[in-house]
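What follows is the residue order along each chain.
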Amino acid sequence: MGWVRLDDNFSDHPKVINLSDSAFRLYIEGLCYANRQLTDGLIPNGVYAKMSKNDDADFLIEAGLWLQEEKGYRIRSYEEYQPTRQKVEQKRKEARDRLKKY
């Protein structure tokens, strides 16, 4: 099981504080999806369409939290705060190796 890392001041951050409830939820859902699927912060267009019934991506882009790309939306600064695919896979490999040794 993975974890999404959020600073305990996250909801008071200037980029976040004025988001609507649905945009805030979409941001969190996007973080969870990216962590779970190891996408390094990319939310593909098809996944976004299932997550949001509104145009909340526009609010997240305007707030500076997401970037729009051809394939979907990218969570800005994702790799600063969340583990990358490479780091997760490395930790999993190390855990498998430890278990084999044991």
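Residues numbered from 1 in each chain as written. Predicted model: local features only at pLDDT ≥ 70, side-chain atom pairs only at ≥ 80, totals over all residues. Heavy atoms only, no water.

**What about the sheet that holds strand S3 (residues 72-75)?**
Right, on to step 1. An order of S1-S3-S2 is seen for the 3 strands of this open sheet, with the pairing classed as antiparallel. If you trace the sheet from one side to the other, it starts and ends with strand S1 (42-44) and strand S2 (66-69), each paired once. For this sheet the average axis-to-axis angle between neighbouring strands, irrespective of direction, equals 25°.
Right, on to step 2. Where S2 and S3 come together, 4 bridges link them in antiparallel fashion. When the bridges of S3 are listed, Glu 69 appears paired with Gly 72. (Pairing = 2+ DSSP bridges. Helix = DSSP H or I, 4+ residues; strand = E, 2+ residues; numbered from the N terminus. Axes fitted to C-alpha atoms, helices over the stretch in contact; angles between N-to-C directions.)

**A short note on helix H1 (residues 21-37)**
Right, on to step 1. Compared with the 24 Å implied by 1.5 Å per residue over 17 residues, the 24 Å span of H1 between its first and last C-alpha is a close match.
Right, on to step 2. Considered for burial, the residues of H1 that qualify are Ala 23, Leu 26, Tyr 27, Gly 30, Leu 31, Tyr 33, Ala 34 and Asn 35.
Right, on to step 3. Packed against the buried residues of H1 are S1, helix H2 (45-51), helix H3 (56-62), S2, S3 and helix H4 (78-81).
Right, on to step 4. Just downstream of H1, Leu 38 is the residue with a positive phi angle, here 55°. (Expected span 1.5 Å × (residues − 1). Buried < 20%, exposed > 50% of the residue type's maximum accessible area, 1.4 Å probe, protein only. Contact = heavy atoms within 4.5 Å.)

**Focus: the nonpolar core**
Generally speaking, soluble globular proteins have nonpolar side chains that are buried together.
Right, on to step 1. Grouped together as the largest cluster of nonpolar side chains are 19 residues, with contacts concentrated most on Tyr 27, Ile 43, Tyr 48, Leu 60, Leu 65, Trp 66 and Ile 75.
Right, on to step 2. Elements represented by at least two residues in this core include exactly H1, H2, H3 and S3.
Right, on to step 3. Take this core: its biggest share by element is 6 residues, from H1.
Right, on to step 4. Contact partners of Leu 60, with chain neighbours within four places excluded, come to Leu 19, Ala 23, Leu 26, Tyr 27, Leu 65 and Trp 66. (Core = buried A, V, L, I, M, F, W, Y, C linked by side-chain atoms within 4.5 Å.)

**Regarding the packing of aromatic side chains**
Right, on to step 1. What the rule picks out here adds up to 5 aromatic pairs.
Right, on to step 2. Between Tyr 48 and Trp 66, the aromatic rings sit 6.1 Å apart at their centres with planes inclined by 75°, giving edge-to-face as the arrangement. Placement of the pair is Tyr 48 in helix H2 and Trp 66 in strand S2, with a sequence separation of 18 residues. By the burial criterion, Tyr 48 is buried, and Trp 66 matches it. (Phe/Tyr/Trp six-rings, centres within 6.5 Å; stacked < 30°, edge-to-face > 60°.)

**Brief notes about the environment of Phe 59**
Right, on to step 1. Tracing the backbone shows Phe 59 in helix H3.
Right, on to step 2. Its relative accessible area of 47% is what places Phe 59 among the partly exposed residues.
Right, on to step 3. Separated by 35 residues in the primary sequence, Phe 59 and Phe 24 place their C-alpha atoms 9.5 Å from one another.
Right, on to step 4. Setting aside residues up to four positions removed in sequence, Phe 59 forms contacts with Leu 19 and Ala 23.

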